[in-house]
Amino acid sequence: MMGIFARTKINVNILTHENRDTTNFRNFEIPAAGAFQLSERSNEILGLFAEEKEIACFGSREELRSACERYINDDTSREGVAIAGYNRLVNGNHGIVDRARQIAVWADKAQP
């Protein structure tokens, strides 16, 4: 998948509302590949990445279409977002080990 992400101009990431997703693993896989991500917007995603700087987001079909039209031929902006997203990921404690530590802390706090 990493190779596919890296070769794709726009990686669209749609959340699964039936599962109440506000983020998913692709939010981390795509920037880890150094690739551009156009993700469905959520407060949690915006707490992890800066919109229009480290990730592009959409909240409607119209916004998705507009963002695709904007970024498909704007290599400079698209690549800048991809690089900034990668840097945020590798420098922001967002690796698998970091997530496992966070889950362990949350689990400890949840126990009576």
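Whatever comes next refers back to the structure up there.
My aim in this report is to walk through the structure given alongside it, one point at a time. (Residues numbered from 1 in each chain as written. Predicted model: local features only at pLDDT ≥ 70, side-chain atom pairs only at ≥ 80, totals over all residues. Heavy atoms only, no water.)

### Thoughts on the overall build of the chain
Okay, step 1: Along the chain, the regular secondary structure elements total six helices and three strands.
Okay, step 2: Traced from its N-terminal end to its C-terminal end, the chain shows the element sequence α-β-α-β-α-β-α-α-α.
Okay, step 3: Relative to the compact-globule value of 13 Å for 112 residues, the chain shows a C-alpha radius of gyration of 15 Å, a close match.
Okay, step 4: Considering only C-alpha atoms, the chain reaches an extent of 55 × 30 × 25 Å along its principal axes. (Helix = DSSP H or I, 4+ residues; strand = E, 2+ residues; numbered from the N terminus. Rg over C-alpha atoms; globule rule 2.2 N^0.38 Å.)

### Thoughts on a nonpolar patch on the surface
Okay, step 1: On the surface, Ile103, Val105 and Trp106 cluster together into a nonpolar patch covering about 330 Å² of accessible area.
Okay, step 2: Relative to the assigned elements, Val105 resides in helix 6 (residues 96-110).
Okay, step 3: On the basis of relative accessibility, which here comes to 40%, the residue Val105 falls in the partly exposed class. (Patch = residues over 30% accessible without salt bridge, like charges linked within 9 Å, V, L, I, M, F, W, Y side chains within 5 Å. Areas by Shrake-Rupley, 256 points an atom, 1.4 Å probe, with all protein chains shown as cover. Salt bridge = Lys/Arg side-chain N within 4 Å of Asp/Glu carboxyl O. Buried < 20%, exposed > 50% of the residue type's maximum accessible area, 1.4 Å probe, protein only.)

### Some points on the environment of Gly3
Okay, step 1: Relative to the helices and strands, Gly3 is located in helix 1 (residues 2-7).
Okay, step 2: In this structure, the C-alpha to C-alpha distance between Gly3 and Phe58, residues 55 residues apart in sequence, is 24 Å.

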